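Coordinate inspection notes
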Amino acid sequence: EVVIAQQSLNREVTDRLHEARTTFLRALYLRELIALHEDIGQRLRANVDSEQRRLNVGTGSEAALKSARIQELNLQLALSNLRADYFTVVTRITELCGQNLSGDTKGSRQLWLPKPVGELHYEPATVDLPKESAYALENRADLKLLRALTDAAAADRQTVQAGYFPLVSVVGSALLIPQDYLLTKQTQIVAGQQTQSTEGRAGV
C-alpha cells in the first residue's frame, strides 16, 4: 500500500507539472495573439473611419463602409473569444499554483501573469546514463510498484502450484487436581478420618 501510494503521488505530481508547463505556454501564446488582434483592430477601426469620411465627402460607397464594419465586428468577436480563453487558462494556472486571484486597490479581481524577458536558450544536457539508471531503478516509485507486483504474482503462483501443504501437529496435555479440590465419597477406613488424594494425568 505504501508503494502504491508513492506511485500515485508520483503520477499526480508529474501530471500537474506537465499541465502547468503546457498551460503557461498556452497563456503566452494567447496573450501574444490578443496583442496582435488588438493591433489589427486599431487598423480596422481606422479603416472604418476612413471609409466613413470618404462617404461623407462623396468619394466612397456604402458597400465599402459596411464591408469595413463587418471586418471590424468579426475581429471583435474573435478577440472576445481569445480573451475568454486567456482568462480560463490563467485561472487554471492560478489553481495549479494553489494561489488566489490578486486584487487591485479598487477591490476587483485581476489575473496577473509574468512576461518572459529575453530569448529562451536551449542548452544540451549531459546525462550520466549508468548513474541515472541506477538511481531510477532504486528510487522510482513506479518501478518499486512493479517489483512489488511481480513478487506478489510469484508468491501467488507458488501457492497455486503447491496444491497442498503438509501439516504436522504435536499436542501435549496435562491435568492436575489438588487434594483440596477433590471431593471423595470413599468409605472411612478409620473412624473419624477422611481420605484425601491428588490426581495427576498426562498424555500426548
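Up top is the structure.
Residues numbered from 1 in each chain as written. Predicted model: local features only at pLDDT ≥ 70, side-chain atom pairs only at ≥ 80, totals over all residues. Heavy atoms only, no water.

**Things to note about the overall build of the protein**
Check the secondary structure of the protein and you find four helices and four strands. Put simply, the protein runs from its N terminus to its C terminus through helices and strands in the order α-α-β-β-α-α-β-β. Burial status across the protein gives 15% buried among its 204 residues. For the protein, the proportion of contacts with a sequence separation of at least 24, taken over those separated by at least 6, is 61%. Carbon and sulfur atoms form 56% of the exposed surface of the protein, whose accessible area is close to 17,100 Å². (Helix = DSSP H or I, 4+ residues; strand = E, 2+ residues; numbered from the N terminus. Buried < 20%, exposed > 50% of the residue type's maximum accessible area, 1.4 Å probe, protein only. Contact = heavy atoms within 4.5 Å. Areas by Shrake-Rupley, 256 points an atom, 1.4 Å probe, with all protein chains shown as cover.)

**Some details on the side chain of Gln7**
Note on placement: Gln7 falls in helix H1 (residues 2-57). A distance of 2.9 Å separates a polar side-chain atom of Gln7 from the backbone nitrogen of Asp142. Apart from residues lying up to four places away in sequence, Gln7 is in contact with Ala141, Asp142 and Leu145. (Polar contact = N/O pair within 3.5 Å; in protein donor to acceptor, adjacent residues only side chain to side chain.)

**A word on a nonpolar patch on the surface**
A grouping of Leu9, Val13 and Leu17 is seen on the molecular surface, where their side chains present a nonpolar patch of about 270 Å² in accessible area. By the element assignment, Val13 lies in helix H1. You can call Val13 partly exposed: its relative accessible area is 42%. (Patch = residues over 30% accessible without salt bridge, like charges linked within 9 Å, V, L, I, M, F, W, Y side chains within 5 Å. Salt bridge = Lys/Arg side-chain N within 4 Å of Asp/Glu carboxyl O.)

**Brief notes about the side chain of Asp142**
Summarising the element assignment, Asp142 is placed in helix H4 (residues 141-162). Residue Asp142 is classed as buried on the basis of its relative accessible area of 18%. A polar contact is formed between the side chain of Asp142 and the side chain of Arg140, at a distance of 2.3 Å.

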